[in-house]
Amino acid sequence: MKIIITGPKGVGKSTIGKRIAEILHIPFFETDEMIETLFEEKHGNKKSCRQIATDHGESFFRELEKEAIKKAALYDWCIIATGGGAMIFPENRIQLRKESVMILLKATVDFLWQRMQVTGIPPFLQGDNAFDKYSQRVQKIYEATEHISDIIYTVTKENEDTAHEDLLYQISFVLSQCMHGTNTFGQVLKVTTFGESHGKALGAVVDGLKPGIPLSVEDIQKQLDRRKPGQSSVSTQRKEADSVEIVSGLFEGKTTGTPLCMIVYNKDQDSRAYESIKDIFRPGHADFTFWQKFGIRDYRGGGRSSGRETVGRVAAGAIALKMLKEKGVTIVAYAEEIAGIKGEKVDIDFIEKNPVRSADPDKAQAMEQAIKQAQAEHDSVGGIVACIIKGLPAGLGDPVFCKLDARLAMAVMSIGAVKGIEFGSGFAAARKRGSENNDQMSDGKFLTNNAGGILGGISTGQDIVMRIAVKPTPSIAKPQKTMDIDGNTVDISIKGRHDPCIVPRIIPVVEAMVALVVYDAWLLQERIGRYDGTV
């Protein structure tokens, strides 16, 4: 993403662009300077843009300009100021519009003409009827760029000194809209995750945090420690400390209100086991679909489709969990069922005391043994995770498309291994009568909670109860049939270090995603407010 500032000569592109770049701490480039550099590289002598246009003509100048713009279009996260004349040509507009925020600076022709008397009139505008020619040229620039501009700002004598401040607010808004990509989640609190299983690092950028929130690395690390690999004999033996670094958005132990970036570096990735199957689609994985969609894929552990992608989710969710706890809201998930063995008791204090994170002390060992048996047979097992939100007040969530249960379902279903979710009585409601399933009310409270704490997409104040179906780990050593990228049928046996059951380690991921949804809904409700009879 880059910011393009364009407009007619004399409108203040360079001055305003440099001021914005200085505040944002990002590089600033001018295509005029790039044109001069290109000329010097090609011809061995240095000339200004004015001299190039005077000595070689406008056509020659425009060809150099096109080369400069092609080069500038490859830059990322910077500000580029380019002449409005360049934007008259469609190929230049196409090049610069890619992955950019486009700002068009406008001004009256009289204002611009007065400035040009000081800075100098370009050679191709000199002569008879220069003002009329310039007026026509300015109109052409506006006609060519207005329809593709994200921001249109009119510069005047009164606002030219503060234009950069006005534009910063508008740029912030446009960029926040641009963040709604497939790797970004949330409405008020926006989380963007990045990184791959066998890449250099993973992490998350959290935007929308209020300034002044006390936060430490330890707040994040304790949740990452619950998710990290190598915790027990029933998880992958990949050894990763998953030590988090906070690289921005935090100063002297408090959030600054700017994007908070967290990075976890991979230390123990071993891609050798994937070399022999790099052209083969692993059954149950996203290898085939990524290949069909993109025509390229990271075969080392699946890249972005790997469960390791959830590092960024847990890091971001740790902040939401902390903020919700301060509001009296707790989120607890546990293994309700593994390999068909269903827990009957719920002892919250027991969850973190056993390797499968069961809440039933009587069933935890049987669940663990079932995982080990499947592992010994080169196979894997799945299960069901229960998640309960306690302490949430009534009134959070929105009707229709942003229902609280719809947002929770989307968040949890976005976790790679999740195949289903239900709230309250869930699918059992389909086998009940209305008189059985309705949550009647008496003495100021609900008598039952078949709705699972949500009605009409809005929280009721009861516990929000959900159950999540988690599939067996697809990476197994047992031989299976599949095909390669050429469509040939082949046998595959997957080697490497993989969880024989995903359930125990997915629990902190579920809690993180649920926390992000709930905290985001809380922040959204704070903005909306509740009607109190006054306007």
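So, here is what we can say about the structure in this document. The residue count restarts for each chain, going from 1 along the sequence in the order it is written. Only residues with pLDDT of 70 or above have their local features reported here, since the model is predicted, and side-chain atom pairs are shown and tallied only from 80 upward, although totals for entire chains, interfaces and linings are computed over all residues. As a convention, hydrogens and water are excluded, and side-chain values are obtained from all of the structure's heavy atoms.

## A closer look at the overall build of the chain
Under the DSSP-based scheme used, a helix requires at least four consecutive residues in state H or I and a strand at least two consecutive residues in state E, with every element numbered from the N terminus. Across its full length, the chain holds 16 helices and 23 strands. In terms of principal-axis extent, the alpha carbons of the chain reach across some 95 × 70 × 45 Å. For the chain, the proportion of contacts with a sequence separation of at least 24, taken over those separated by at least 6, is 70%. Each accessible area value is a Shrake-Rupley result obtained with a 1.4 Å probe; residue values ignore everything except the protein chains displayed when judging cover. Working note: accessible area of the chain is about 26100 Å², and carbon and sulfur atoms make up 52% of it. Charge assignment: positive for Lys and Arg, negative for Asp and Glu; neither His nor the chain ends contribute. Note that the charge is assigned to NZ on lysines, CZ on arginines, CG on aspartates and CD on glutamates. Averaging the coordinates of the 68 positive side-chain charges in the chain and doing the same for the 69 negative ones gives two points 2 Å apart. We call two residues in contact when some of their heavy atoms are within 4.5 Å.

## Description of the nonpolar core
For this analysis, a nonpolar core means a set of buried residues of the types Ala, Val, Leu, Ile, Met, Phe, Trp, Tyr and Cys, connected via side-chain atoms within 4.5 Å. The classification of residues rests on relative accessible area computed with a 1.4 Å probe and restricted to protein chains. Under 20% of the type maximum is buried, over 50% is exposed, and intermediate values are partly exposed. With 78 residues, the main nonpolar core has Ile220, Met262, Ile389, Leu408, Met466, Ile468 and Val514 as its most contacted residues. Among the elements that take part in this core, helix α16 (residues 503–528) stands out by supplying 17 residues, more than any other. Leave out the neighbours within four places in its chain, and Ile468 touches Gly383, Ile384, Val385, Cys387, Val412, Val418, Gly420, Ile421 and Val510. Grouped together as the second largest cluster of nonpolar side chains are 33 residues, Val101, Ile103, Leu112 and Tyr134 included.

## Considerations on the pattern of salt bridges
Criterion for a salt bridge: a side-chain nitrogen of Lys or Arg within 4 Å of a carboxyl oxygen of Asp or Glu. One pass over the full model with this rule turns up 33 salt bridges. A salt bridge links Glu309 to Arg313; its shortest N-O distance comes to 2.8 Å. Note on accessibility: Glu309 and Arg313 belong to one class, buried. Salt-bridge contacts for Asp520 lead to Arg407; the nearest nitrogen and oxygen are separated by 2.6 Å.

## Thoughts on the state of the cysteines
Working definition of a disulfide: a covalent bond connecting the sulfur atoms of two cysteines. Pairs of cysteine sulfur atoms within 2.5 Å are identified as disulfides in what follows. Throughout the structure, instances matching the rule amount to zero disulfides. For the unlinked cysteine Cys501, the closest cysteine sulfur is that of Cys387, found at 17 Å. With relative accessibility at 1%, the residue Cys501 sits in the buried group.

## Focus on the sheet that holds strand β12 (residues 260–265)
The pairing of strands in a sheet happens through backbone hydrogen bonds and is either parallel or antiparallel. Two strands make a pair as long as DSSP finds a minimum of two bridges between them. The antiparallel open sheet is built from five strands, whose spatial order is β6-β7-β8-β12-β9. The open sheet has two free edges, formed respectively by β6 (184–185) and β9 (244–248), since each of these has just one partner strand. With respect to the sheet, helix α9 (residues 217–227) is in contact with β9 and β12, its orientation differing from that of β9 by roughly 140°. Helix axes use the C-alpha atoms of the stretch in contact, all axes being lines fitted to C-alpha atoms, and the angles between their N-to-C directions lie in the range 0 to 180 degrees. Helix α12 (residues 310–326) rests against β7 (190–195), β8 (201–207) and β12 of the sheet, and its axis sits at about 35° to β8.

## Observations concerning the environment of Pro500
Following the sequence through the fold, Pro500 ends up in the loop between β23 (489–492) and α16. Owing to a relative accessible area of 4%, Pro500 belongs among the buried residues under this scheme. Sequence separation of Pro500 and Phe111 is 389 residues, and the distance between their C-alpha atoms is 71 Å. Among all residues touching Pro500, those that are not within four sequence positions of it are Val234, Ser235, Ile371, Gln375, Asp379, Ser380, Val381 and Thr473.

## Focus on the packing of aromatic side chains
Two rings from Phe, Tyr or Trp (for Trp, the six-membered ring) form a pair when their centres sit within 6.5 Å of each other. Planes less than 30 degrees apart are called stacked, planes more than 60 degrees apart edge-to-face, and all others tilted. What the rule picks out here adds up to seven aromatic pairs. An angle of 45° between the planes, with centres 5.8 Å apart, marks the rings of Trp113 and Tyr134 as tilted. Taken together, the residues span a long stretch of sequence, with Trp113 in helix α6 (residues 109–119) and Tyr134 in helix α7 (residues 130–145) at a distance of 21 residues. Like Tyr134, Trp113 is buried. When the centroid spacing of 5.4 Å and the interplanar angle of 85° are considered together, the rings of Phe281 and Phe288 count as edge-to-face. According to the relative accessible area criterion, Phe288 is partly exposed, its value standing at 35%. Through a chain of ring-to-ring contacts, the aromatic side chains of Trp113, Phe131 and Tyr134 assemble into a single cluster. Between Lys66 and the ring centre of Phe89, over which it is positioned, the NZ or CZ distance is 5.5 Å. Both a distance and an angle decide whether a charge sits over a ring: NZ of Lys or CZ of Arg must be within 6 Å of the ring centre and within 35 degrees of the ring normal. For the cation-ring pair, Lys106 lies above Tyr142, with the distance from its terminal atom to the ring centre recorded as 4.7 Å.

From the geometry alone we can't say anything about function, so treat these as descriptive.
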